[in-house]
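# Remarks on the overall topology
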Number of protein chains: 2
Amino acid sequence: MHRKKEMVTDKGEQTRSRIMEVALHMFRERGYEETTMRAIAEQAGVALGNTYYYFRSKEQLIQAFYERIHQETFAACRTVLDKERTLQARLLGVMSSMLAVIEPHHHLSGLLFKTAADPHSPLNPFSSESEAVREQSITLFREVVRGSKDRVPADLQTELPTLLWLYHMGIVLFWIHDASLRHARTNRLVDQSVKLVAKLISLAGLPLMGPLRKSVLRLLIEMGGDAEAPEEPRVPDQKDAKG
Amino acid sequence: MHRKKEMVTDKGEQTRSRIMEVALHMFRERGYEETTMRAIAEQAGVALGNTYYYFRSKEQLIQAFYERIHQETFAACRTVLDKERTLQARLLGVMSSMLAVIEPHHHLSGLLFKTAADPHSPLNPFSSESEAVREQSITLFREVVRGSKDRVPADLQTELPTLLWLYHMGIVLFWIHDASLRHARTNRLVDQSVKLVAKLISLAGLPLMGPLRKSVLRLLIEMGGDAEAPEEPRVPDQKDAKG
DNA sequence: GTCTATAACCGGATAGAC
DNA sequence: GTCTATCCGGTTATAGAC
């Protein structure tokens, strides 16, 4: 097996990771806008054009950061999920772990979020490009539910992970805008809202709640089902004709 | 009273609005990124630098667009609120009106949202800069509640407008990512979720729901209270020393 | 084919003359 | 209040070295 496609590696891979490290470091130190591609290149000891050989754009360097964060979060959650057995504790653990991981990156996360908010960005959490990552995250919440000894109505059980994922997105949104010292507000919010969520879930099992629960779930399923199937016919692209 | 501060006007004001009209028009026709400041200037018959005399940045031209949309929405809602008397109908009317107003501006709205997501943007709906607009919006929802003949628990009544405002933000978020034909999905979502919200509100009055409702409200109040008070001491700015 | 370097280009933003 | 001339930084084109 003489690798062909993968001949990239070695020196190339080293250069690549060097650029990324430098970029991440400089982003943290001086902020994103203040860090120029030229500075990154210089600091990494390569020519400007070269950084573009490895990273299609400055934005993509953030994406690399995002993936790193994502992995770290998973690792941190692992510990919690191996230990806790109640839904509330598991959820709290996952949320706290995540917040702990992103804590040192508040500024950069704001940026990330901004890019992610663009419907056309590959980082957008609802886009098809990020489906893999999204699935992974939802699976994490699936495990939160599955591994707990709490009782959850069967129909809710299927959709609950998605709901928790949405909940977690809301918390991140709050965190990004949280200017309080060490994001104390967010931590309080998590502590209290997790309790609330747990309470809500247990209430959902009451017989009285059946119809309401069913409406919510029906709506969720209908909307979530193929949210990304572009029913809108693609308009022929003007630009293609020009090139 | 010989106006001094306001001597801006006349020719200036004309130029200003000409630039804005041209910009909005071009944004709609060719998209934001594809419209250059140079093109706007040319089309408006002024020099590039001059557009910057009136608008501090390209982004600020979007802000102008935002304000226009905002006003249109209010006007559209007025009609509905004068007519409908049930909470559900009023809420549905407001949501539908808003969607109708923004419907032709899907592309631009995505952009707007992206900028708005930036915690540092003045457009950010949670920022102090946009407090006025936010208050205005919440007041709209306050009127939705107040003008209805439905019964709402007193404690909930105070916070409900804020909750509805958050709900409406969620809908907008969904709409921005909705690629379905004429955003049919979003319309369905609104139809159904409005019913759900109405049901939820009436359920909130049940005696059983008292404690739960109280927890939710307590949390909401605590978090909403002074969300923007920056408890974090401002770090001395390195850049200042350099200049 | 993998990688590096140099010189542009392009468009947002600013300075400063008039 | 309007212009011209520049800056600045992300991005691309291109030429060639390994």
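Rules of the game
- Residues numbered from 1 in each chain as written.
- Chains lettered and ligands numbered in written order.
- Predicted model: local features only at pLDDT ≥ 70, side-chain atom pairs only at ≥ 80, totals over all residues.
- Heavy atoms only, no water.
- Helix = DSSP H or I, 4+ residues; strand = E, 2+ residues; numbered from the N terminus.
- Buried < 20%, exposed > 50% of the residue type's maximum accessible area, 1.4 Å probe, protein only.
- Contact = heavy atoms within 4.5 Å.
- Areas by Shrake-Rupley, 256 points an atom, 1.4 Å probe, with all protein chains shown as cover.
- Least-squares fit on C-alpha atoms with pLDDT ≥ 70 in both.
- pLDDT = per-residue confidence, 0-100.
- Patch = residues over 30% accessible without salt bridge, like charges linked within 9 Å, V, L, I, M, F, W, Y side chains within 5 Å.
- Salt bridge = Lys/Arg side-chain N within 4 Å of Asp/Glu carboxyl O.
- Lys, Arg positive; Asp, Glu negative; His and termini not counted.
- Polar contact = N/O pair within 3.5 Å; in protein donor to acceptor, adjacent residues only side chain to side chain.
- Axes fitted to C-alpha atoms, helices over the stretch in contact; angles between N-to-C directions.
- Left-handed = near helix turned anticlockwise from the far one by under 90°.
- Nonpolar A, V, L, I, M, F, W, Y, C, P; charged D, E, K, R; others polar.
- Buried area = accessible area lost by both parts, 1.4 Å probe.
- Domains from an automatic or database assignment.
- Expected span 1.5 Å × (residues − 1).

## Concerning the overall build of chain A
When helices and strands are counted, chain A shows 11 helices and 0 strands. For chain A, the α and β elements follow one another from N to C terminus as α-α-α-α-α-α-α-α-α-α-α. By the burial criterion, 44% of the 243 residues in chain A qualify as buried. Summarising the internal contacts of chain A: among those between residues at least 6 apart in sequence, 67% fall at separations of at least 24. Total accessible area computed for chain A in this model is approximately 13800 Å², and 56% of it derives from carbon and sulfur atoms.

## Let's talk about the relation of the copies chain A and chain B
Overlay of chain A on chain B (RMSD 0.2 Å): rotation 180 degrees, translation along the axis 0.1 Å. Interpreted geometrically, this transformation is the action of a two-fold axis. Within chain A, the C-alpha atom positioned nearest to the axis of rotation is that of Lys114(A), 2.7 Å from it. Interface residue correspondence from chain A to chain B reaches 98%, placing this contact among same-surface, isologous pairings.

## Section: unusual backbone geometry
Residues and elements named next belong to chain B. Located in the positive-phi region is Arg 182, a residue other than glycine, with phi close to 50 degrees. Along the chain, the position of Arg 182 falls in the loop between helix H8 (154-176) and helix H9 (184-203). Classification of Arg 182 by relative accessible area gives exposed; the value is 67%. Of note, the phi angle at His 183 is positive, near 55 degrees, even though the residue is not glycine. One can find His 183 in the loop between H8 and H9. Look at His 183 and you get buried, because its relative accessible area is 6%.

## Observations regarding the confidence of the model for chain A
All names here are of chain A. The predicted model of chain A averages 87 in pLDDT, with 88% of residues at 70 or higher. Per-element confidence in chain A is highest for helix H5 (residues 87-102), whose mean pLDDT is 97, and lowest for helix H11 (residues 238-242), whose mean pLDDT is 40. Confidence drops under pLDDT 50 across residues 1-6; counting only partners more than four residues distant or on other chains, this segment forms 1 contact. Across residues 227-243 the pLDDT falls below 50, and counting only partners more than four positions away or on other chains, this stretch makes 14 contacts in the model.

## Description of a nonpolar patch on the surface
Taken together, the side chains of Leu206(A), Leu208(A), Leu206(B) and Leu208(B) present a nonpolar region at the surface, about 340 Å² in accessible area. Among the residues examined, Leu206(B) registers a relative accessible area of 33% and is labelled partly exposed.

## With respect to the side chain of Lys58(B)
Residue and element names in this part refer to chain B. Positionally, Lys 58 belongs in helix H4 (residues 58-83). Despite being buried, Lys 58 has no salt bridge partner; Glu 33 is the closest side chain of opposite charge, sitting 6.7 Å away. For Lys 58, the side chain forms a polar contact with the main-chain oxygen of Thr 35, separated by 2.8 Å. Not counting residues within four places of it along the chain, the set of residues in contact with Lys 58 comprises Phe 27, Tyr 32, Glu 33, Thr 35 and Met 37.

## Looking at the packing of helix H7 (residues 131-146) of chain B against H8(B)
Helix-helix packing is characterised by the crossing angle of the two axes and by the distance between the axes. Residues and elements named next belong to chain B. Where H7 meets H8, the closest approach of the two axes is 8 Å, and the angle between their N-to-C directions is 115 degrees. Like other packed secondary-structure pairs, H7 and H8 cross with a definite hand, here right-handed. Residue-level inspection shows Arg 134, Ser 137, Ile 138, Phe 141, Arg 142 and Val 145 of H7 in contact with H8, the latter providing Gln 157, Leu 160, Pro 161, Thr 162, Leu 164, Trp 165 and His 168. Taken together, the residues of the contact of H7 with H8 break down into 7 nonpolar, 4 polar and 2 charged.

## Structural notes on the interface of chain A and chain B
With 42 residues of chain A at the interface, the matching set in chain B holds 43 residues. Both faces considered, chain A and chain B share a buried interface measuring about 3900 Å² in area, 64% of it formed by carbon and sulfur atoms. Our count for the chain A to chain B interface comes out at 4 salt bridges. The salt bridge partner of Asp118(B) is Lys114(A), with a shortest N-O separation of 3.8 Å. Counting across the chain A and chain B interface gives 12 residue pairs in polar contact (both at pLDDT 80 or more).

## Here's the deal with the domain arrangement of chain A
Residue and element names in this part refer to chain A. Once the domains are mapped, chain A shows domain 1 (1-56) and domain 2 (58-223). Its C-alpha centre places domain 1 at a distance of 31 Å from the equivalent point of domain 2. Taking both sides of the interface into account, the surface hidden between domain 1 and domain 2 amounts to around 1400 Å²; carbon and sulfur atoms contribute 66%. Sorting the residues of domain 1 by area buried against domain 2 places Leu 24, Phe 27 and Tyr 32 first, and these three jointly supply 40% of that buried surface. Arg 68 is the partner of Glu 21 in a salt bridge, and the nearest nitrogen-oxygen pair spans 2.8 Å. Seen at the junction of domain 1 and domain 2, the total is 4 residue pairs in polar contact (both at pLDDT 80 or more).

## Section: H5(A)
All names here are of chain A. Between its first and last C-alpha atoms H5 spans 23 Å; for 16 residues at 1.5 Å apiece the expected length is 22 Å, and the two agree. Taken residue by residue, H5 has Leu 87, Arg 90, Leu 91, Gly 93, Val 94, Met 95, Ser 97, Met 98, Leu 99, Val 101 and Ile 102 as its buried positions. On its buried face, H5 sits against helix H4 (58-83), helix H6 (106-117), helix H7 (131-146), helix H8 (154-176) and helix H9 (184-204).

## Considerations on the pattern of salt bridges
Residues and elements named next belong to chain A. Scanning all chains against the criterion turns up 12 salt bridges over all chains. Notably, a salt bridge pairs Arg 213 with Asp 155, separated by 3.2 Å at the nearest N-O pair. In this pair, Arg 213 is assigned in helix H10 (residues 210-224) and Asp 155 in helix H8, connecting sequence segments 58 residues apart. Classification of Asp 155 as partly exposed rests on a relative accessible area of 26%. Bridged by salt links that share partners, the residues Asp 155, Arg 213 and Lys 214 form one connected network.

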